[in-house]
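Structural overview for review
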Amino acid sequence: MSKKPSPQAIAAASETRVLPTDAPRDTRRRRFLTQSASVAGTLATAGVAANAAAQEVPAWMKTPGTPMRAYGTPSSHEKAVQRPSASGYATVSPGTGSSRTPHQSLEGTITPSGLHFERHHNGVPDIDPAKHELLIHGLVNRPLVFNLAALSRYPMVSRNHFVECAGNSSPNAGPKPPQITAGGIHGLASTSEWTGVPLSLLLNEAGIAPGAQWIVAEGADAAAMTRSVPLTKCMDDAMIALYQNGERVRPEQGYPMRLLLPGWEGNMNVKWLRRIKVTDGPTHTKDETSKYTDLQPDGKARQFTFELGVKSVITFPSFGHKLDRRGLYEITGIAWSGAGRIAKVEISADGGKSWQDAPLQGPIYAKSFTRFRLPWEWNGAAAVLQSRATDEKGNVQPTRAAFTSQYVAGMNYHNHYIQTWGVNADGSISNVYA
Amino acid sequence: MFMHKKIAGSLIAAALVAACASTPEGTVTTPSRGPSLGATPSAAMLAAMDTSIPPSGAGLPAGSGTVAQGAKVYDAKCQTCHGPKGAGKPADPLVGGIGSIASGKPMRTVGSYWPYATTFFDYVRRAMPTNAPQTLSNDEVYAVTAYVLNLNGIVPESAVMNAQTLPQVKMPNRDGFIDYSRN
C-alpha cells in the first residue's frame, strides 16, 4: 500500500498533519487506546482512491530542478508553519515579548532553530562576535576574560536539552480555556542539541574563592538581563553554549554565546552572555523578584523556583486539527522534566478516568523532549484526551485543579499541569479545562 | 612528511582530562581540564562592567538624587511609558497596590511587591528607558529612584538617595518571599 497522503491532507498540510493511510508499522508491540469496546471491527478501510493526477508524470519530473544554494530553507509550501508572536508593550518596546514554537505542526523531538521560541526583554542585539567578551570575576582567585576565539578552543560537550520559559502555558491560567493551538499555549518550550564549554571548566580556571555561593549572569542585550544562579548548578551541568543544532547559536537564542542551565527556567539561561560574577548570595535582580515568582493565596511568593516541573502535551490531535473520519489515529506528543528523564507517559481518552501507558520513543535524554505515541481508534464520539507524564524521580504531572490551588488565581508562572483536548463529534478539537 | 612529526603533540588519554559516566544512552564525558586561555581583565574593564547591585548595596556608585530632581527626570524620560506619577500604561504601573498582595486581587508594583530598593536602582540603570538604556547618569538614577519610592509613600519628600541611604530603605514586601533555591 502506498503512503501517499490524501488530497485533503495535502490541502491542509501546513496546519494539520498528513494522516497515515495504513496501520502503524509496529502494532504488535503497541496496545490500542479505544474509547469503548464497541469499536472492534471498525478499523478504517477507506484507503485513498487512486488520484487521477497521479496517472500523469508530475510537472516537477519533466523539468530540471533548482540548483544548489548556500543555505537551505523549508519548502515554500510550508510557509504557514510559523512562530506566532506577541508583545505586551508593542507601542513602546516592540522587542519586548515572545514568539512560540508551533508544536501542533512539528514532529520528533528537536525544534528547528528557526522555530525555537523567543522571549526578549528589549529586542535581539546585533552582536559583533569579534568584539564580544565574557568576563568572569567576583569571588574568584583570578578574574578572567574570554573572547569567542578562545572559548571556541575549549573542550566541548553536545547535549539535547529543552529550554522553557517560566511563563509557558500561561494562556491556560485564565478563567476560560483559550481556543488556540498547542504551540500558542505551550510553545515557549523548545529542544535543541546544544554544544558548548562546561561552565565548571572556566570557573575552575578562575578559581572559586572562599564564601562563593551564587553567581549573577548578565547579557549584552538592551535589557542587560541579569539573573542569579546557585554555584552548585554552575558546577554541575551548566554550559556556555556556542552552537545550537550544529551551527552557531542563533541571534534570537543568544549569539554568540548563552548560558545553558539544563532543566531550569528559561529566563536564567542568559542569552548574549557577557559577564559572570561569583557572589556570596543572590543579587535579587528584577526578573527574580518582581517577575517569575509564584504568589500564594496567603500573600507569600515562592522565589527561586528554578527547576521546571514534569510536563507533557498531546500535539496531535490538538486545537486546529480536524479528524476527518473515524478510524485509526496516532496520538502523539512531547514530555519533558527539569528533574531528569521521562519515565512514563499515560494517555486518557475519557478525561482522566482511565489511563493507558504510551510507548516512549528513544533515546530518552534527561531534561529534553521525549516523544510519546499511542495508536487510537476513534469511534466518532466525543472524547476527552489527556496526557500525564512521570519522570525518573517519581514526579507526576499534576491536574490543573491541584496545581492552581497552590497559588492566587491567574498565577501564570511554572504551569505544568495536564493539558486537556476535547475531541468533538465533528472531529474538531477544543481546549478544555478538566 | 617530516613536518607532521615535528608539530605533533602528545595525545592525552581522555580519562585523564575528563570525568566519564555511564548512562542508558551511552557514556557521557565531561571534560575537566581546559587550555587556560582566559586573559586578565584590566581594572578599567572590571570597574565599567561590575554594575550589578545586591541588597547590601555593595558596588553602588558615587552620586545622589532628590525626589524633586527625580520628578523632572521621570517626566522627561519615563512618563511616556509608565504614565503620570507612575500610574502605568502603556507599560507597567510603578505605584500603588501596597497591602493588596494577600488580598486575592494582588496589584504587583515596585511599591507593593518589590522586596529591595536596590533592585530598582540596578534595573533602571541597566535597562531604562527602553528606547535609550544605559544613558541615565548615576545622579539621575538615584533621583528617579527617590521619586518612585516617594510616590509609593516609602520615603519622604525630603529623601536623598545615595550609596548610603538606598540600602537602608525597607520595602513593604521585604518579607513576602519564600526561598525555594534549596528545594
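The residue numbers shown here count from 1 along each chain, following its written sequence. Chain labels run from A onward and ligand labels from 1 onward, assigned in the order the entries are written. In view of the model being predicted, local features appear only for residues whose pLDDT reaches at least 70, and side-chain atom pairs are presented and counted only at 80 or more, with totals across whole chains, interfaces and linings using the full set of residues. Hydrogen atoms and water are omitted, and side-chain values are computed over all heavy atoms in the structure.

What follows concerns the interface of chain B and chain A. Contacts are assigned to residue pairs that have any heavy atoms within 4.5 Å of one another. Opposite the 53 residues of chain B that make contact, chain A presents 58 residues. Each salt bridge in this description consists of a side-chain nitrogen of Lys or Arg and a carboxyl oxygen of Asp or Glu lying within 4 Å of one another. Across the contact surface, chain B and chain A share four salt bridges. For the salt bridge of Arg126(B) with Glu218(A), the shortest nitrogen-to-oxygen distance reads 2.6 Å. Between N or O atoms, a polar contact is any pair within 3.5 Å; within protein, one atom must be a potential hydrogen donor and the other a potential acceptor, and residues adjacent in sequence are included only when both atoms are from side chains. Counting across the chain B and chain A interface gives 20 residue pairs in polar contact (both at pLDDT 80 or more).

Here we take up the packing of aromatic side chains. Residues and elements named next belong to chain A. Each Phe, Tyr or Trp ring, with Trp reduced to its six-membered ring, pairs with another whose centre is within 6.5 Å; inter-plane angles below 30 degrees give stacked pairs, above 60 give edge-to-face pairs, and intermediate values give tilted ones. Taken as a whole and judged by the stated rule, the model has 16 aromatic pairs over all chains. Connected via pairs of aromatic rings, a cluster forms that spans Trp214, Trp264, Phe304 and Phe306. Over the aromatic face of Trp355 sits the side chain of Arg388, whose NZ or CZ is 4.1 Å from the ring centroid. The ring centre of Tyr433 lies 3.6 Å from the NZ or CZ of Arg400, which sits over that ring. Each ring is checked for a lysine NZ or an arginine CZ that lies within 6 Å of its centre and within 35 degrees of its normal; such an atom marks a charge sitting over the ring.

As a further point, take the environment of Leu295(A). Note on placement: Leu295(A) falls in strand S15 (residues 294-295). Between the alpha carbons of Leu295(A) and Gly410(A) there is a distance of 9.8 Å; along the sequence they are 115 residues apart. Discounting chain neighbours no more than four positions away, the residues touching Leu295(A) are Lys300(A), Ala301(A), Tyr407(A), Val408(A), Met411(A), Ile101(B), Pro106(B), Arg108(B) and Tyr113(B). Helix numbers and strand numbers start at the N terminus; a helix is a DSSP run of H or I with at least 4 residues, a strand a run of E with at least 2.

All right, on to the sheet that holds strand S16 (residues 301-303) of chain A then. An order of S15(A)-S16(A)-S5(B) is seen for the three strands of this open sheet, with the pairing classed as mixed. Only two strands of the sheet have a single partner each, and these edge strands are S15 of chain A together with strand S5 (177-179) of chain B. The pairing criterion for strands is at least two bridges between them, as found by DSSP. As paired elements, S15(A) and S16(A) share two bridges and run antiparallel to each other. The partner of Leu295(A) across the bridge, within S16(A), is Ala301(A).

This brings us to the nonpolar core. Side-chain atoms within 4.5 Å are what join buried Ala, Val, Leu, Ile, Met, Phe, Trp, Tyr and Cys residues into a set we call a nonpolar core. Exposure categories follow from relative accessible area, calculated using a 1.4 Å probe and restricted to protein chains: below 20% of the type maximum is buried, above 50% is exposed, and the middle band is partly exposed. In terms of nonpolar packing, the biggest core is built from 55 residues, with Leu149(B), Met161(B), Leu166(B), Val169(B) and Met171(B) touching the most fellow members. When contributions to this core are tallied by element, the ones reaching two or more residues are strand S7 (157-164) and strand S11 (239-244) of chain A together with helix H4 (67-77), helix H6 (117-127) and helix H7 (138-151) of chain B. Excluding residues within four positions of it along the chain, Met171(B) makes contact with Val110(B), Trp114(B), Pro115(B), Tyr116(B), Ala117(B), Leu149(B) and Ile154(B). Grouped together as the second largest cluster of nonpolar side chains are 35 residues, Leu134(A), Leu144(A), Ile240(A) and Ile276(A) included.

The next thing to look at is the packing of H4(B) against H7(B). All names here are of chain B. Packing of H4 against H7 leaves a shortest axis separation of 7 Å and a crossing angle of 95 degrees. Relative to H7, H4 is oriented roughly perpendicular. Residues Val67, Gln69, Gly70, Ala71, Val73, Tyr74 and Lys77 of H4 form the contact with H7, whose own contacting residues are Glu140, Ala143, Val144, Ala146, Tyr147 and Asn150. For the contact of H4 with H7, the class distribution of residues is eight nonpolar, three polar and two charged. Structural elements are reduced to axes, namely lines fitted to C-alpha atoms, with helices fitted over the stretch in contact, and the angle between N-to-C directions of any two is expressed from 0 to 180 degrees. Orientation is classified from the angle alone, with under 35 degrees giving roughly parallel, over 145 giving roughly antiparallel, 65 to 115 giving roughly perpendicular, and any other angle giving oblique. Nonpolar residues are Ala, Val, Leu, Ile, Met, Phe, Trp, Tyr, Cys and Pro. Charged residues are Asp, Glu, Lys and Arg, and all others, Gly as well, are polar.

Right, let's get into a nonpolar patch on the surface. Residue and element names in this part refer to chain A. Patch definition: residues with relative accessible area over 30% and no salt bridge; like charges joined within 9 Å; nonpolar side chains (Val, Leu, Ile, Met, Phe, Trp, Tyr) joined within 5 Å. For the area figures, the Shrake-Rupley method with a 1.4 Å probe applies, and any residue is considered shielded solely by the protein chains shown. Among the surface-exposed residues, Val57, Trp60 and Met61 lie close enough to one another that they form a single nonpolar patch of about 420 Å² accessible area. By the secondary structure assignment, Met61 is in the loop between strand S1 (33-34) and strand S2 (85-86). Given a relative accessible area of 60%, Met61 falls into the exposed group.

What the rule picks out here adds up to 25 salt bridges over all chains. With a closest N to O distance of 3.2 Å, Glu218(A) and Arg275(A) form a salt bridge. Placement of Glu218(A) in strand S9 (residues 214-219) and of Arg275(A) in strand S14 (residues 273-279) is noted, with a sequence separation of 57 residues between them. The exposure class of Arg275(A) is buried, given its relative accessible area of 0%. Arg275(A) is paired through a salt bridge with Asp50(B); the nearest N and O atoms lie 3.6 Å apart. With Arg275(A) in strand S14 and Asp50(B) in the loop between helix H3 (43-49) and strand S3 (64-66), this pair bridges two chains. In this structure Asp50(B) comes out as partly exposed when scored by relative accessible area, which is 28%. If you follow the salt bridges from partner to partner, you end up with Glu218(A), Arg274(A), Arg275(A), Lys277(A), Asp50(B), Asp122(B) and Arg126(B) in one network.

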